[in-house]
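# Survey of secondary and tertiary structure
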Amino acid sequence: MEKQSLMAHNNLVRAGVMGGNDGILSVAGIIVGVAGAGQSLSAIMLSGFAGTLAGMVSMAMGEFVSVRSAHDAQEKARQSQEQALKKDYEGEFNFVKEKYQADGISEELATQATREMMEKDPLETTVRERHGFSLNSQVSAGGAALVSFVTFPTGATLPMAFMALASPNFRIMATFLAVLIALLFTGYMAAVVNGANRTKGAIRNLLAGILTMVVTFLIGTLFK
């Protein structure tokens, strides 16, 4: 139960970090592009609000569909292993044992470990070893969708606030710099959650932000 709770918690944290990050990056790209076209502040804010609403729904539905699809795949694997255990328990036992042996465990120890785990929970053991996931690590599709729905507009507020509050001559530059600082932070946090290299994660996110805003700004200037 503790492992399941930790898995569910980490999934919600991941959804929150990615939702906030996408809110910052997506809406910044939109409003910088519109600002590059020389539009009024009201037009820039309108485009930002529209992008925020669309992003909220898109992120929430994307998280929900993604997690539900993973659940469906896991359920299919569970049913497949239930049938396999009924038809050929010995074959499944040998698969697990041979997998441990391939990892360098002696035959005697591999046999003992496999026997103990198969006696305790053969379905969990074979699903984990054949398909690489635990039946006890289900995450909430609705929870991930809700967190994304909330954190996307939270992230989107940052570029919109700087665009609205900065002086007209420095709107784009102020938004650009604020977004880059925020993306360094969210890139770092995403790397922490995913267990990736934190420096590389932050820099990668920063470069994505620079590319996004430069491209959208240049496209906007074409319509100025």
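Basis of the calculations
- Residues numbered from 1 in each chain as written.
- Predicted model: local features only at pLDDT ≥ 70, side-chain atom pairs only at ≥ 80, totals over all residues.
- Heavy atoms only, no water.
- Helix = DSSP H or I, 4+ residues; strand = E, 2+ residues; numbered from the N terminus.
- Rg over C-alpha atoms; globule rule 2.2 N^0.38 Å.
- Buried < 20%, exposed > 50% of the residue type's maximum accessible area, 1.4 Å probe, protein only.
- Contact = heavy atoms within 4.5 Å.
- Areas by Shrake-Rupley, 256 points an atom, 1.4 Å probe, with all protein chains shown as cover.
- Lys, Arg positive; Asp, Glu negative; His and termini not counted.
- Charge placed at Lys NZ, Arg CZ, Asp CG, Glu CD.
- Expected span 1.5 Å × (residues − 1).
- Polar contact = N/O pair within 3.5 Å; in protein donor to acceptor, adjacent residues only side chain to side chain.
- Core = buried A, V, L, I, M, F, W, Y, C linked by side-chain atoms within 4.5 Å.
- Axes fitted to C-alpha atoms, helices over the stretch in contact; angles between N-to-C directions.
- Parallel < 35°, antiparallel > 145°, perpendicular 65-115°, else oblique.
- Left-handed = near helix turned anticlockwise from the far one by under 90°.
- Nonpolar A, V, L, I, M, F, W, Y, C, P; charged D, E, K, R; others polar.

## Here's the deal with the overall build of the protein chain
When helices and strands are tallied, the protein chain shows eight helices and zero strands. Across the protein chain, helices and strands are ordered from the amino to the carboxyl terminus as α-α-α-α-α-α-α-α. By the compact-globule yardstick of 17 Å for 224 residues, the protein chain is too spread out, its C-alpha radius of gyration being 24 Å. Taken along the three principal axes of its C-alpha coordinates, the protein chain extends 75 × 30 × 30 Å. Classification of the 224 residues of the protein chain by burial places 40% in the buried group. Summarising the internal contacts of the protein chain: among those between residues at least 6 apart in sequence, 74% fall at separations of at least 24. Surface summary for the protein chain: the accessible area is close to 12500 Å², and the carbon and sulfur share equals 64%. Positive and negative charge centroids in the protein chain, built from 18 and 18 side chains respectively, lie 12 Å apart.

## Describing helix H8 (residues 198-221)
Look at H8: 35 Å from first C-alpha to last across 24 residues, which is about the 34 Å you get at 1.5 Å a residue. The complete set of buried residues in H8 reads Gly201, Ala202, Asn205, Leu206, Gly209, Met213 and Gly220. For H8, the capping residue at the N-terminal end is Asn197, with a side-chain oxygen 3.1 Å from the backbone nitrogen of Thr199.

## Some words on the nonpolar core
Ranked by size, the top nonpolar core spans 22 residues in total, and within it Val27, Ile31, Ile44, Met163, Val179 and Met213 carry the most contacts. Elements with a contribution of two residues or more to this core: helix H1 (2-36), helix H2 (41-87), helix H6 (141-165), helix H7 (171-194) and H8. Contact partners of Ile44, with chain neighbours within four places excluded, come to Ile31, Val34, Ala35, Gln39 and Met163. Residues Phe93, Leu123, Val127 and Leu135 belong to the second largest nonpolar core, which totals eight residues.

## Observations regarding the packing of H2 against H6
Interaxial distance between H2 and H6 falls to 8 Å at its minimum, and their mutual angle equals 160 degrees. When the axes of H2 and H6 are compared, the pair comes out roughly antiparallel. When the axes of H2 and H6 are compared, the crossing they make is right-handed. Looking at the contact of H2 with H6 residue by residue, the class counts come to 20 nonpolar, seven polar and two charged.

## As for the side chain of Ser148
Looking at where Ser148 falls in the secondary structure, it is placed in helix H6. On the accessibility criterion, Ser148 (0% relative accessible area) is buried. Residues in contact with Ser148, not counting those within four places in the same chain, are Ala15, Met59, Ala60, Glu63 and Pro153.

## What to know about the side chain of Thr111
Among the secondary structure elements, Thr111 is positioned in helix H4 (residues 107-120). Take Thr111: its relative accessible area is 16%, and that puts it in the buried class. Only 2.7 Å separates the side chain of Thr111 from the backbone oxygen of Glu107, close enough to count as a polar contact. When near neighbours in sequence (up to four residues on either side) are disregarded, Thr111 contacts Phe93 and Lys97.

## Observations regarding the packing of H6 against H7
Axis separation between H6 and H7 bottoms out at 8 Å; the angle between their running directions is 155 degrees. Of the possible angle classes, the one that applies to H6 and H7 is roughly antiparallel. Remark: the crossing between H6 and H7 carries right-handed chirality. Residues Leu158, Pro159, Phe162 and Met163 of H6 form the contact with H7, whose own contacting residues are Arg171, Ile172, Ala174, Thr175, Ala178, Val179 and Ala182.

It is worth stressing that arrangement in space is one thing and function is another; only the former is reported here.
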